[in-house]
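Topology and contacts: notes
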Amino acid sequence: MKRTIQLVVLLLLALTANAQTAREFTLNLTDDGAAQMVCFLPETPMGRAVVGVPGGGYSVLSNGHEGVLASKWMNQRGIAYFVVNYRLPEGDRSKPISDVEKGIRIVRDSATIWGINPHDVGIMGFSAGGHLSSVISTHSAFEVRPDFTILFYPVISMDERVSHKWSCRNFLGEEGQKDAKLVREFSTDKAVRRHLTPPACIIMASDDRLVPPVTNGVRYYEAMRNAGNECAMYIYPTGDHGFGFGPWFKYHDRMLDDLGAWLDARQTPKPDAIRVACIGNSITDGFGIDMAGAYGYPAKLQKLLGDKYWVKNFGVSSRTMLNKGDWPYMNEQAWRDALAFKPDIAIIKLGTNDSKPENWQYGSEFRQDLEQMLKALPDTKIYLCTPIPAFKPTWNISDSVIVNEIIPIQRAVAKKQGAQIIDLHTLYANDGDKMLDDGIHPDSKGAHRMAEIIAAALTPKK
């Protein structure tokens, strides 16, 4: 009965959408119609889409002011808007997760006919819906992970002692609260991944008495900032909990201005942009560079190449090419994401950590592991980077092994597989002054120098 009333309210509110909405319709996300997605397509689409996820403590759906009420504002800005009326967990948290994932998949699959850039699909969740949105942003596969995340007063922690008790219990189940591993897994501030978790905008009121901001939204911001991921946070003096898009919120207009400015500032790749995957270890990751997502070499490369390219950082610190190394790259989520990205170009820079004695004892397998990686990218133009010089033998990294053993194997494999070599070891040899004190990792100037070398290889002058 509650759900029927909610859907009636939903339809009534939808009628208030003004002429900026060109088309409104509802799709079933499950065969029985238990989950639905209400779609609002703008008259003048600008290519962006937002999938809305209402709150309600995982016990009801607040899909009015935390759902369809945002459609007018979104459509006026040319943003296609979709409200997912997901199934409540009722002991099975996979139900709401799969419903939202299916909604995102439909939006991306229908991007062409709905005037949407499939690389500009965001998610916007409120309260418990904010938790669900953050789960999709941190746990879901690359294909259904949003490109950006908007979280209104989100439940982040699944520890009911510092969060909203009933959201925690309804999502995890009564027994779930006793499982510390499960609580940690779905406390999404613990699940933020460097470079892989999408940019976020968090909106809260300081006097929220239902979902404590400091142990929830602020924790997510902290995790994002510590990972070097893009994140903004707007905390208004008053408003308590659940204001959503309601005009009664004292700071409603200011909030819309802030959210609009954040959205307007987003740099969105063109639908036909050349996809460039930067695969590598800590040097690609940007170890030692604060906000490496903006100042590491892949970010610098993006600026040098321009908007015809879409450069993504899939670097992970400490990783090896060797599958028997201490931290094999091909075991990582970043590798799976890089494959799902379906890059047109892959820049592979691995080998530095392989030179350590504890890893190079398996050096006889370096060639076969490198060939395995290249064969996993059959339709990709591959640029194989030699490691930059190890200016110091920090962490047992051996420049001698790099020069005399690793680089010759890279050259042989590149020749056999038709890949191109970027000889960073030679081209970066005079840049020892652009390194951190460890002599292994470039500083921000060194990252820029690397980007210059790689950009020149990708766009040779005619």
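Look up a bit, the structure's there.
The rules we used
Residues numbered from 1 in each chain as written. Predicted model: local features only at pLDDT ≥ 70, side-chain atom pairs only at ≥ 80, totals over all residues. Heavy atoms only, no water. Pairing = 2+ DSSP bridges. Helix = DSSP H or I, 4+ residues; strand = E, 2+ residues; numbered from the N terminus. Axes fitted to C-alpha atoms, helices over the stretch in contact; angles between N-to-C directions. Contact = heavy atoms within 4.5 Å. 1 Å grid on protein atoms, 1.4 Å probe; cavity = no way out; pocket = protein on both sides within 12 Å on 5 of 7 lines; lining within 4 Å. Points joined across faces, edges and corners; volume = space filled by probe spheres on them. Expected span 1.5 Å × (residues − 1). Buried < 20%, exposed > 50% of the residue type's maximum accessible area, 1.4 Å probe, protein only. Salt bridge = Lys/Arg side-chain N within 4 Å of Asp/Glu carboxyl O. Nonpolar A, V, L, I, M, F, W, Y, C, P; charged D, E, K, R; others polar.

Once that is clear, we can look at the sheet that holds strand β10 (residues 309-315). Neighbouring strands of a sheet are bound in pairs by backbone hydrogen bonds; such pairs are parallel or else antiparallel. Strand order in the open sheet formed by five strands is β10-β9-β11-β12-β13, and the pairing between neighbours is parallel. Sheet topology places β10 and β13 (420-422) at the edges, where each strand pairs with a single neighbour. Direction aside, the axes of adjacent strands within the sheet are offset by 20° on average. Packed onto the sheet, helix α12 (residues 297-305) meets β9 (274-280), β10 and β11 (345-349) and runs at close to 170° relative to β10.

The final tally for this structure, using the stated rule, is one cavity of 30 Å³ or more. A volume near 50 Å³ is recorded for the largest cavity. If you trace the largest cavity, you find it lined by Ser-282, Ile-283, Gly-286, Phe-287, Ile-289, Gly-296, Tyr-297, His-441, Pro-442, Ala-447 and Met-450. At the level of secondary structure, the elements contributing two or more residues to the lining of the largest cavity comprise α10 (282-285) and α18 (444-458).

Another point: helix α3 (residues 94-109). Here α3 is 16 residues long and its end C-alpha atoms lie 22 Å apart, about the 22 Å a rise of 1.5 Å per residue gives. Restricting attention to buried positions, one finds in α3 the residues Lys-95, Pro-96, Ile-97, Asp-99, Val-100, Gly-103, Ile-104, Ile-106, Val-107 and Arg-108.

Glancing now at the pattern of salt bridges. If the charged atoms of two oppositely charged side chains come close together, the side chains can form a pair. One pass over the structure, following the stated rule, counts 25 salt bridges. With its nearest N and O atoms 3.9 Å apart, the salt bridge here joins Arg-266 to Asp-120. Here Arg-266, found in the loop between α9 (252-264) and β9, pairs with Asp-120, found in the loop between α4 (111-114) and β5 (121-126); they are 146 residues apart in sequence, far enough to count as distant. An identical accessibility class is assigned to Arg-266 and Asp-120; each is buried. Of the charged contacts, one joins Arg-194 and Asp-285 as a salt bridge, the two residues approaching to 2.6 Å between their closest N and O atoms. Here Arg-194 is found in the loop between α7 (180-185) and β7 (200-205), whereas its partner Asp-285 is found in helix α10, with 91 residues between them in sequence. By relative accessible area, which is 26% here, Arg-194 ends up partly exposed. On the basis of relative accessible area, Asp-285 is assigned to the buried category, the value being 5%. Counted as one network, the salt bridges with shared partners bring together Asp-431, Asp-433, Lys-434, Arg-449 and Glu-452.

Where empty space is left in the structure can be found by rolling a water-sized probe over the atoms. Roughly 1700 Å³ of internal volume is contained in the largest pocket. As for the largest pocket, its lining consists of 49 residues, of which Gln-267, Pro-269, Trp-310, Val-311 and Lys-312 are closest to the centre. Where the lining of the largest pocket is concerned, the elements lending two or more residues are α3, α11 (292-295), α12, β10 and α13 (333-340). With six residues, the top contributor of residues to the lining of the largest pocket is β10. Its residues assigned to classes, the lining of the largest pocket comprises 22 nonpolar, 12 polar and 15 charged.

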